Amino acid sequence: MGEKVCIVGSGLIGRCWAMMFARAGYEVNLYDIAQKQIDDALESVKSQLEGLMASGLLNGQTADEVAARVSGQSDLAAALKGAVHCQECCPESIPMKKKVFAGLDEHADDNIVLASSSSCIAASEFSGDLKHKAQVIVAHPVNPPHYIPLVEIIPSPDTSPEVVERTSKLMKALGQSPVTLKKEVNGFILNRLQYALLMESWRIVEEGVCSPEDVDTAVKEGLGLRWSFMGPFETIDLNAPGGVSDYCERYGENITAVCAEQDKLGARAMKGAPAAQEIHDAMRKTVPTDSMDARRKWRDDRLAALYLHKREQAQKDKDAKHPWA
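How each quantity is defined
- Residues numbered from 1 in each chain as written.
- Predicted model: local features only at pLDDT ≥ 70, side-chain atom pairs only at ≥ 80, totals over all residues.
- Heavy atoms only, no water.
- Helix = DSSP H or I, 4+ residues; strand = E, 2+ residues; numbered from the N terminus.
- Rg over C-alpha atoms; globule rule 2.2 N^0.38 Å.
- Buried < 20%, exposed > 50% of the residue type's maximum accessible area, 1.4 Å probe, protein only.
- Contact = heavy atoms within 4.5 Å.
- Areas by Shrake-Rupley, 256 points an atom, 1.4 Å probe, with all protein chains shown as cover.
- Pairing = 2+ DSSP bridges.
- Axes fitted to C-alpha atoms, helices over the stretch in contact; angles between N-to-C directions.
- Core = buried A, V, L, I, M, F, W, Y, C linked by side-chain atoms within 4.5 Å.
- Phe/Tyr/Trp six-rings, centres within 6.5 Å; stacked < 30°, edge-to-face > 60°.
- Lys NZ or Arg CZ within 6 Å of the ring centre and 35° of its normal.

Moving on to the overall build of the protein. In terms of regular secondary structure, the protein is built from 13 helices and eight strands. Relative to the 2.2 N^0.38 estimate, which gives 20 Å for 325 residues, the radius of gyration of the protein is 22 Å and therefore close to what a compact globule would have. A principal-axis box enclosing the C-alpha atoms of the protein has dimensions of 60 × 50 × 45 Å. A burial count over the protein gives 39% of its 325 residues as buried. Contacts in the protein between residues at least 24 apart in sequence constitute 66% of all its contacts with a sequence separation of at least 6. Summed over its atoms, the accessible surface of the protein is roughly 18300 Å², and 55% of this surface lies on carbon and sulfur atoms.

So, on to the sheet that holds strand S3 (residues 70-73). Taken in spatial order, the eight strands line up as S3-S2-S1-S4-S5-S6-S7-S8 in an open sheet, and their pairing is mixed. Looking along the sheet, the strands with just one partner apiece sit at the ends: S3 and strand S8 (177-180). Direction aside, the axes of adjacent strands within the sheet are offset by 25° on average. Looking at chain direction, strand S6 (residues 136-141) and strand S7 (residues 150-155) are connected through five bridges and run antiparallel. In the sheet register, Val138 faces S7, and the bridge partner there is Ile154. Most of the contacts of helix H5 (residues 94-107) go to strand S5 (residues 113-116), to which it runs at about 165°, and overall it touches strand S1 (4-8), strand S4 (83-88), S5 and S6. Seen against the sheet, helix H7 (residues 161-173) touches S4, S5, S6, S7 and S8 and runs at an angle of roughly 170° to S7.

Residues Ile7, Trp17, Phe21, Val28, Leu49 and Met171 are the most contacted members of the largest nonpolar core, which totals 39 residues. Broken down by element, this core gets its largest block of residues, seven residues, from helix H1 (residues 12-23). With near-sequence residues (within four places) excluded, Met171 lies in contact with Trp17, Phe21, His85, Gln87, Val151, Ile153, Gln176 and Pro178. If you look at the next biggest cluster of nonpolar residues, it comprises 24 residues, including Cys6, Ala79, Val138 and Leu181.

What follows deals with the packing of aromatic side chains. Within the structure shown, the criterion is met by four aromatic pairs. Summarising the aromatic geometry, the rings of Trp17 and Phe21 are spaced 5.8 Å apart at their centres and angled 35° between planes, so their arrangement reads as tilted. In this pair, Trp17 and Phe21 both sit in helix H1, four residues apart, roughly one turn of the helix. Owing to a relative accessible area of 0%, Trp17 belongs among the buried residues under this scheme. Measuring from ring centre to ring centre gives 4.7 Å for Phe101 and Phe126, while their planes differ by 35°; the resulting arrangement is tilted. Placement of the pair is Phe101 in helix H5 and Phe126 in helix H6 (residues 124-127), with a sequence separation of 25 residues. Each member of the pair, Phe101 as well as Phe126, is classed as buried. A network of ring pairs unites the aromatic residues Trp17, Phe21 and Tyr26 as a single cluster. Positioned above the aromatic ring of Trp298 is the side chain of Arg295, whose terminal nitrogen or guanidinium carbon lies 4.0 Å from the ring centre.

Encoded structure:
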């Protein structure tokens, strides 16, 4: 029997975490306050595991074998007992996080890691008054985490270095790709990068530079192809003969000038903006409202195929003994 973990909250992200921990051999207690929610979650986990098995993403295990490691629990103390890690998956609300973590603090021992899946709330916002605040950390996944392996690890100023190290090692054991922030910042890493591109895309449409469809094409048929396997710094390193320093000498002034222009344009309001309706209408031309669930299924199938492709290519790099593998 593997080590035990506790998932608090049996919604979409909680179910995904349960699958990933169980796939890696952990015994999972999936906690929620309503038995109906727990029952629905366990049924959903089993169904999704069957899909992962069909895609070859259960590491040679069957869906039944993995699902057998996930059990439901409506008693928080019992769910936490003996667990080495707890992953909270509750709504993005500071009062809610404070309430949930106060309950975790009451029943936690001195060894368990208390991790939040928060995408935007730093641990210091809800952990400052806890007895076990040194054990609290944010481990933010990307949805759907079983296809997108990034996990952002964000300690608070009170989080112990050991907890940071343990959390990073655990995420790697799950097959995820953790990145660790050196300090808490609004938006963490992923959303700061994502929002910068989204805001510039928004301004391009609002300024009448091009259509929403062409913005999407520029990313998925241009930038996104490289970005699926290289980061921005790796990209510029190969785009000049002498690497990053050479790239900055050649193109740095123009990049700074473009970004200064973007800064002058400033952040745009999105809520209630006319551009929101324009972009929404453009999306509905391609994907009508009644086809959105099918489109989400198509997206997840594409992500699964890309995940498998990247895993195969990574193995080829290792077999070839490339220094970057």
